[in-house]
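Listed below are the residues making up each chain.
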Amino acid sequence: METAQNPRRILVAIKRVVDYNVRIRVKPDGSGVMLDGVKLSINPFDAIAIEEALRIKERGRADEVVVATIGPADCQVTLRNALSMGAQRALHVVADTVLEPLAAARVLLKLVEREQPVLVILGKQAIDDDNNQTGQMLATLWDRPQATFASKLELTDTTAKVTREVDAGLETLEVDLPAVVTTDLRLNEPRFVKLPEIMKAKTKPLTSIPLAEVGGAGTARVKVTKTEAPPGRQRGIMVKDTSELFAELHKRGLV
């Protein structure tokens, strides 16, 4: 363990998304998803990342857990929720526009350079856009090792051993620190936050940083032209045997 003057710090990047229990509704003009009056929460994969960082600290492998997010002013509520889980500090990059993964990775790189963490943990993807890109891009920009889709994480003073699920089974990687790790669902189950922790979180440090101070939003490379709700499911039919099944599939142009 390093000294207090040079602490081993874990930076956890989180994103605010529409709560996974909410039924998504598309705006009448197809310009996006309706957010007014909708419950917003920490991305579930990012909550797992926070939990893992806290467990690493509780095992004595880190001195401090810092959470960071990019978003509008009201994202501070999301950061306070992360602080109530047990993180010590929060960083809020204030941005009124949605950043693409590459722009988000560049902003996170500025925070990494500022905080000098021994490990950066974030969810493998956000449930709103499912891009699964930010962690990989951050590792590339930082020029440090990465281990994605972690279902088990073990830290030493100099390395991280990550078990990840692949098509053939389980794969174990060992990477040098500092590194970037993205979390999968099976890594852990985030803790239940109690009222005393919620009250303590209100007094924990939360630093707001203007987006322009950490590089800005950059040039947009993707434009959303239209948002549509998925089509309704069609009624199924019963068939007597495989011959009738193939005949029906052929009639529908599926085989």
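Data block above holds the structure.
Residues numbered from 1 in each chain as written. Predicted model: local features only at pLDDT ≥ 70, side-chain atom pairs only at ≥ 80, totals over all residues. Heavy atoms only, no water.

### Quick notes on the overall build of the protein
For the record, the criterion: Elements are defined by DSSP. Helices are runs of H or I of four residues or more, strands are runs of E of two residues or more, and each kind is numbered from the N terminus. Partly exposed residues are those whose accessible area sits between 20% and 50% of the maximum for their type, while under 20% is buried and over 50% is exposed, using a 1.4 Å probe and protein chains only. Only heavy atoms enter the contact rule, under which two residues are in contact if any of them lie within 4.5 Å. Surface exposure here means Shrake-Rupley accessible area, sampled with a 1.4 Å probe, where a residue is shielded only by the protein chains that are shown. Two residue types count as positive, namely Lys and Arg, and two as negative, namely Asp and Glu; His and chain ends fall outside the count. To locate a charge, take NZ of a lysine, CZ of an arginine, CG of an aspartate or CD of a glutamate.
Of regular secondary structure, the protein possesses 6 helices and 11 strands. Among the 255 residues that make up the protein, the fraction classed as buried is 40%. Restricting the contact set of the protein to residue pairs at least 6 apart, pairs at least 24 apart contribute 69%. For the protein, the computed accessible surface area is about 15,100 Å², with 52% contributed by carbon and sulfur atoms. With 36 positive and 34 negative side-chain charges, the protein shows a spacing of 4 Å between the two charge centroids.

### Thoughts on the pattern of salt bridges
For the record, the criterion: Every case where a carboxyl oxygen of Asp or Glu lies within 4 Å of a side-chain nitrogen of Lys or Arg is listed as a salt bridge.
Evaluated as defined, the whole model comprises 20 salt bridges. The partner of E64 in a salt bridge is R9, with the nearest N and O atoms 2.6 Å apart. Taken as a pair, E64 in strand 4 (residues 64-71) and R9 in strand 1 (residues 9-13) lie far apart in primary sequence, 55 residues in all. Exposure class is identical for E64 and R9. Each is buried. Between D19 and K39 there is a salt bridge, and its shortest N-O distance comes to 4.0 Å.

### Quick notes on the packing of aromatic side chains
Put simply, the rule is: Geometry of aromatic contacts follows a simple scheme: Phe, Tyr and Trp rings, the Trp one being its six-membered ring, pair when their centres are within 6.5 Å, and the pair is stacked under 30 degrees between planes, edge-to-face over 60, tilted otherwise. Note on geometry: a ring has a charge over it if NZ (lysine) or CZ (arginine) is within 6 Å of the ring centre and within 35 degrees of the ring normal.
Applying the stated criterion to the full structure yields 0 aromatic pairs. Note that K124 overlies the ring of F149, its terminal NZ or CZ placed 5.1 Å from the centroid.

### Some remarks on a nonpolar patch on the surface
Under the convention used in this document: A patch consists of residues whose relative accessible area exceeds 30% and which take part in no salt bridge; residues with like charges are grouped when within 9 Å of each other, and nonpolar side chains (Val, Leu, Ile, Met, Phe, Trp, Tyr) when within 5 Å.
Side chains of I24, V33 and L35 sit close together on the surface and give an oily, nonpolar patch of about 240 Å² of accessible area. Along the chain, I24 turns up in the loop between strand 2 (16-18) and strand 3 (40-42). Judged by relative accessible area, which is 47%, I24 ranks as partly exposed.

### Remarks on the nonpolar core
This is how the line gets drawn: Put simply, buried Ala, Val, Leu, Ile, Met, Phe, Trp, Tyr and Cys residues joined by side-chain atoms within 4.5 Å make one nonpolar core.
V12, I50, V67, L119 and L153 are the most contacted members of the largest nonpolar core, which has 36 residues in total. Breaking this core down by element, the ones donating at least two residues are strand 1, helix 1 (44-58), strand 4, helix 2 (76-85), strand 6 (119-123), strand 7 (146-155), strand 8 (159-166) and strand 10 (179-183). Here this core gets 7 residues from one element, more than from any other, and that element is helix 1. Formed by 25 residues, the second largest nonpolar core is a distinct cluster that contains A103, L109, L111 and W142.

### Section: the pairing of strand 6
Keep this limit in mind: Pairing between strands is defined by DSSP: at least two bridges between the two strands are required.
For strand 6, the tally of buried residues reaches 5 of 5 residues, placing the bulk of the element in the interior. One ladder, built from 4 bridges, connects strand 1 with strand 6; its direction is parallel. Note on strand 6: the bridge partner recorded for I10 is L119. Where strand 6 lies against strand 10, 5 bridges are found, and the strand directions are parallel. Bridged to L119 within strand 10 is A179.

Without other data, these values stay purely geometric and don't point to any function.
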